Amino acid sequence: MARNKHQRYGHPHLHTPNMDRLAARGVRFTRAYVQAPVCGASRMSTYTGRYVHSHGAGWNGVPLKVGEQTMGDHLRKAGMDCHLLGKTHMVPDVEGMERLGLSRDTVIGRRVSECGFDVVERDDGVNPEGPAGRYDYSAAQHYNAYLNARGYPGENPWHDHANSAIDGEGNVQSGWFLKNAAHPANIAEEDSETPYLTRRAMDFIAQAQGPWCCHLSFIKPHWPYIAPEPYASMYGPEHVLPPVRSNAEYENANRVLKTMMAGVIGSTFSKPEVRNTVIPTYMGLVKQCDDQLGVLLDWLEATGRMADTLIVLTADHGDFLGDHWLGEKMFFHDVSTRVPLIIVDPSAEADVTRGTVCDALVESIDLAPTFVDVAGGKIASHVLEGHSLLPILRGQATEPHRDFVICEVDFAGAIFSEALGASAHEAIGFMIADKRWKLIHFETGDPPILFDLENDPDELIDLGQSPDHTEIVAAMYAKLFAWARRPSQRTTLSPADFDAMRVKLRGVGVTIGIWDEAVLPPDATIKYRNRKAEPWQRLIRAKGA
């Protein structure tokens, strides 16, 4: 995908006309940040509208607490259904559900265990198998059944066909091994994952009634990195851009960052032969996503649904693919945390912003309140920590009410935390960024990282220990500490509820610390004035008699 910096999307060789088509009809945001650089944690923030610090599911495989409200809860309250097609990476809080007696066989139990969605089809798109069994027996379950029905044999054609190649003798060349990324997947293109999910989405929309939200969550270009033809052959090493990195960056890296750079994933993706093999396939998978987006948009137009459907295109994170000597996505550079975001609002009020570009600081947690706003509901601002983007889409505002963005990672369950010698309490990192500066803090005790996004947009020079930037570091820490002190767990009552509580206390006769009734309005003490009572001694004697 495009490198998300310098106020532009785009790639000199990979063209995405259908994403451009959306941008021409809506608003393209150039400073959109996720709240975590890993799949599960990022998605939990998008679905709850809350920071990782608030919902607690900071890494893949960490359950979302059973009590957390989600996008589906808020939208259903506003009269809009909320459905899922594709990936969520959500893990249910099974212990919490059992404690509360919630069964997955009930509607509420299914919603709690599926991040608040009414599931049309869930497919997390990762279905590997090792000597200890499957990583996720439910992943690709329906897709595998589809492939079987189409004539692809075996218990797991997701692996043997959709995500593997074959050699001249029919041997499966697993897509898990990066060397096989250059070979085409052993599947017809129309049966691969992205077209399959696109068709499922059109089937759902065709029968959907009433106001609805559909989370169509494409799996690719996620690993395993392998593409069907014709996408497997569309790009080659000559189309791969040079990596964004420097030798000085590697040599002077903060200990946490250096540990990731020197790890297996970072070391592998730093090799030219790996990048030249994987990135052309990655580009092909992105091109397939754009083509399928075109299929969906054409269908929406042909059926008249484009006129009443708000469309959001975004991602849960980016991929380093060798930039900054890293692979995967688990650090805080823009290449991982800054994602595409295009929103098309079909209403006439949005005509004033069509085809425009917005450089406001926005976050993934802004989507949930935006959808509630679109549905005509009341935004529960004491729960939803983001801001509705509807005023920006309709030309009523240029910025949400924030001057920084936050991203977090809880890597207590990651292998590289062992290499750092970090305990579960220490394996936590925070990023705070405004339009000029980005500060990265780790609880490991390592010094902070500071990037000057204006003069060093590639984020190659760490100024965290520069004597000339101590005031900037202190100022960014002050913002981070102020953010950490917000009342994010006060979710059972709204500010209006607290106002009503104070009024109620006055109305029910609570008069703590009052010396004389004369200081209060007469109606506040009406139940305490002009009252008569018998001495207790007389009452006791009368009762005894």
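Our structure's up above, just so we're on the same page.
Note that this is a predicted model, so its numbers are computed, not measured.

Caption draft 1: Spotlight on the packing of aromatic side chains. Tallied over the full model, the rule gives 18 aromatic pairs. Between Phe204 and Trp212, the aromatic rings sit 5.8 Å apart at their centres with planes inclined by 85°, giving edge-to-face as the arrangement. Given a relative accessible area of 15%, Trp212 falls into the buried group. Between Tyr225 and Phe269 the ring centres are 6.3 Å apart and the planes differ by 85°, which places this aromatic pair in the edge-to-face class. Residue Tyr225 is found in the loop between strand E8 (212-217) and helix H10 (247-251), and its partner Phe269 is found in helix H12 (residues 264-269); the two are separated by 44 residues along the sequence. Comparing Tyr225 with Phe269, the two get one shared label, buried. The ring of Tyr9 is capped by Arg28, whose NZ or CZ atom sits 4.9 Å from the centre of that ring.

Caption draft 2: Geometry of the packing of helix H7 (residues 141-149) against helix H9 (residues 193-207). Following both chains from N to C, one finds H7 and H9 inclined at 100°, their axes separated by 12 Å at the closest point. With respect to H9, the element H7 is oriented roughly perpendicular. For the pair formed by H7 and H9, the contact residues are His142, Tyr143 and Tyr146 on the first element and Glu193, Tyr196 and Arg199 on the second. Residues belonging to the contact of H7 with H9 are distributed by class as follows: 3 nonpolar, 1 polar and 2 charged.

Caption draft 3: Structural view of the sheet that holds strand E13 (residues 405-410). An order of E13-E14-E15-E16 is seen for the 4 strands of this open sheet, with the pairing classed as antiparallel. Two strands bound the open sheet, and with one partner strand each, they are E13 and strand E16 (449-452). Averaged over neighbouring strand pairs, the angle between their axes works out to 10° when direction is ignored. Strand direction decides the pairing type here: E13 and strand E14 (residues 428-433), joined by 6 bridges, are antiparallel. Across the sheet, the residue bridging to Cys407 is Met431, located in E14. Across the sheet, helix H18 (residues 470-484) lies against E13, E14, strand E15 (437-442) and E16, angled at about 65° from E15, the strand it touches most.

Caption draft 4: Here's a closer look at the environment of Cys358. Relative to the helices and strands, Cys358 is located in strand E11 (residues 356-358). The exposure class of Cys358 is buried, given its relative accessible area of 9%. Considering only alpha carbons, one finds Cys358 and Met202, 156 residues apart in sequence, at a separation of 30 Å. Residue contacts for Cys358: discarding those within four places in its chain leaves Val27, Arg28, Phe29, Thr30, Arg31, Ile392 and Thr398.

Caption draft 5: Quick look at helix H1 (residues 17-25). When H1 is considered as a whole, its buried residues turn out to be Asn18, Met19, Leu22 and Ala23. Buried residues of H1 fall within an arc of 150° about the axis and therefore sit on the same side. Looking at the buried residues of H1, the elements they touch are strand E1 (27-33), helix H13 (272-302), strand E9 (311-314) and strand E10 (338-344).

Basis of the calculations
- Residues numbered from 1 in each chain as written.
- Predicted model: local features only at pLDDT ≥ 70, side-chain atom pairs only at ≥ 80, totals over all residues.
- Heavy atoms only, no water.
- Phe/Tyr/Trp six-rings, centres within 6.5 Å; stacked < 30°, edge-to-face > 60°.
- Buried < 20%, exposed > 50% of the residue type's maximum accessible area, 1.4 Å probe, protein only.
- Helix = DSSP H or I, 4+ residues; strand = E, 2+ residues; numbered from the N terminus.
- Lys NZ or Arg CZ within 6 Å of the ring centre and 35° of its normal.
- Axes fitted to C-alpha atoms, helices over the stretch in contact; angles between N-to-C directions.
- Parallel < 35°, antiparallel > 145°, perpendicular 65-115°, else oblique.
- Contact = heavy atoms within 4.5 Å.
- Nonpolar A, V, L, I, M, F, W, Y, C, P; charged D, E, K, R; others polar.
- Pairing = 2+ DSSP bridges.
- Arc of directions from axis to C-beta.

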